[in-house]
Amino acid sequence: MAHSPVPSSEDRRTIVCLYCDKAQEVSRRAMQITCKYCYKSLRVEDVLIKAYEARRVIDTCGMVVVEKRGHVVADRIRCSGLIVRGKVKAHVDSKGAVLVGPEADLIGDVTAPSLAVGAGAVLNGFYRINSPVETSSTTNPSI
Ligand SMILES: [Zn+2]
């Protein structure tokens, strides 16, 4: 007698694969999934950085949040959104808005659909804002 009415979408959310740009539904509680289309492993949880962290890459379909005392040094951050309240030194490729709080530092190239910067923030890099679909070909000698 377990007639659940409409399969609720409450516990699902749509993410966009970082690698093939295809949207798909995942469980809200999932931390990591395998893309249905390109079979790459995708992290879907938000990444919260509260202290100094040096990493090669941060890849997530969730948000990356760098708290006031957070300081990230990475080659590349790929995410669906970035909030910087501390310091970031990385090449950022975000599918959603990048928010840089007042007195935050963001050093590195940024690709994002939008960028909001608080007064007093330090930005240093090349910014490509509102670019359409990103073809992630970083090394293409023919161009
Ligand atoms: Zn994919």
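This text gives an overview of the structure that appears in the document. (Residues numbered from 1 in each chain as written. Predicted model: local features only at pLDDT ≥ 70, side-chain atom pairs only at ≥ 80, totals over all residues.)

Below, the discussion takes up the overall build of the protein chain. A count of helices and strands for the protein chain gives 0 helices and 16 strands. Counting over 143 residues, the protein chain shows a buried share of 27%. In the protein chain, once contacts between residues fewer than 6 apart in sequence are set aside, the share between residues at least 24 apart is 6%. (Helix = DSSP H or I, 4+ residues; strand = E, 2+ residues; numbered from the N terminus. Buried ≥ 20, exposed ≤ 12 C-beta atoms within 10 Å, placed from the backbone. Contact = placed C-beta atoms within 7 Å.)

Our focus in this paragraph is the nonpolar core. Judged by nonpolar contacts, the single largest core of 22 residues is most densely connected at Val 66, Ile 77, Leu 82, Val 84, Val 92 and Val 98. Ignoring sequence-local partners within four residues, the contact set of Val 84 consists of Val 66, Leu 99, Val 100, Gly 101, Ala 104 and Leu 106. Within the second largest apolar cluster, 5 residues are counted, among which are Ile 15, Leu 18, Val 44 and Cys 61. (Core = buried A, V, L, I, M, F, W, Y, C linked by C-beta atoms within 7 Å.)

In space, the 5 strands of this open sheet follow the order S5-S7-S9-S11-S14, with parallel pairing throughout. The sheet is open, and its two edges are formed by strand S5 (47-49) and strand S14 (115-117), each paired on a single side. With direction set aside, neighbouring strand axes in the sheet form an average angle of 5°. Alignment of S5 against strand S7 (residues 63-66), held across 3 bridges, turns out to be parallel. (Pairing = 2+ DSSP bridges. Axes fitted to C-alpha atoms, helices over the stretch in contact; angles between N-to-C directions.)

Moving on, we come to the environment of Leu 123. Looking at the secondary structure, you find Leu 123 in strand S15 (residues 122-124). Residue contacts for Leu 123: discarding those within four places in its chain leaves Val 100, Leu 106 and Val 117.

Now for the pairing of strand S10 (residues 87-94). In terms of burial, S10 is largely enclosed, as 6 of its 8 residues are buried. Relative to strand S12 (residues 105-107), S10 is paired through 3 bridges, and the arrangement is parallel. Residue pairing in the sheet places Val 88 in a bridge with Leu 106 of S12. Strand direction decides the pairing type here: S10 and strand S13 (residues 110-112), joined by 2 bridges, are parallel. Considered in S13, the bridge of Val 92 is made with Val 110.

All right, on to unusual backbone geometry then. A negative phi angle characterises most non-glycine residues, just as the trans form characterises most peptide bonds. Located in the positive-phi region is Asp 21, a residue other than glycine, with phi close to 65°. Of note, Asp 21 is situated in the loop between strand S1 (12-16) and strand S2 (23-27). With 14 C-beta atoms packed within 10 Å, Asp 21 lands in the partly exposed category. For Glu 103, which is not glycine, the phi dihedral falls at a positive 65°. Within the secondary structure, Glu 103 is located in the loop between strand S11 (98-100) and S12.

Along the chain, Arg 85 falls in the loop between strand S9 (81-84) and S10. Along the primary structure Arg 85 and Val 100 are separated by 15 residues, whereas in three dimensions their C-alpha atoms are 6.4 Å apart. With near-sequence residues (within four places) excluded, Arg 85 lies in contact with Val 66, Glu 67, Lys 68, Gly 101 and Ala 104.

Positionally, Arg 76 belongs in strand S8 (residues 71-79). Take Arg 76: there are 16 C-beta atoms within 10 Å of it, and that puts it in the partly exposed class. Taking the C-alpha atoms as reference points, Arg 76 and Asp 109, 33 residues apart in sequence, are found 9.4 Å from one another. Arg 76 has contacts with Val 57, Ala 90, His 91 and Asp 93, leaving out every residue within four places of it along the chain.

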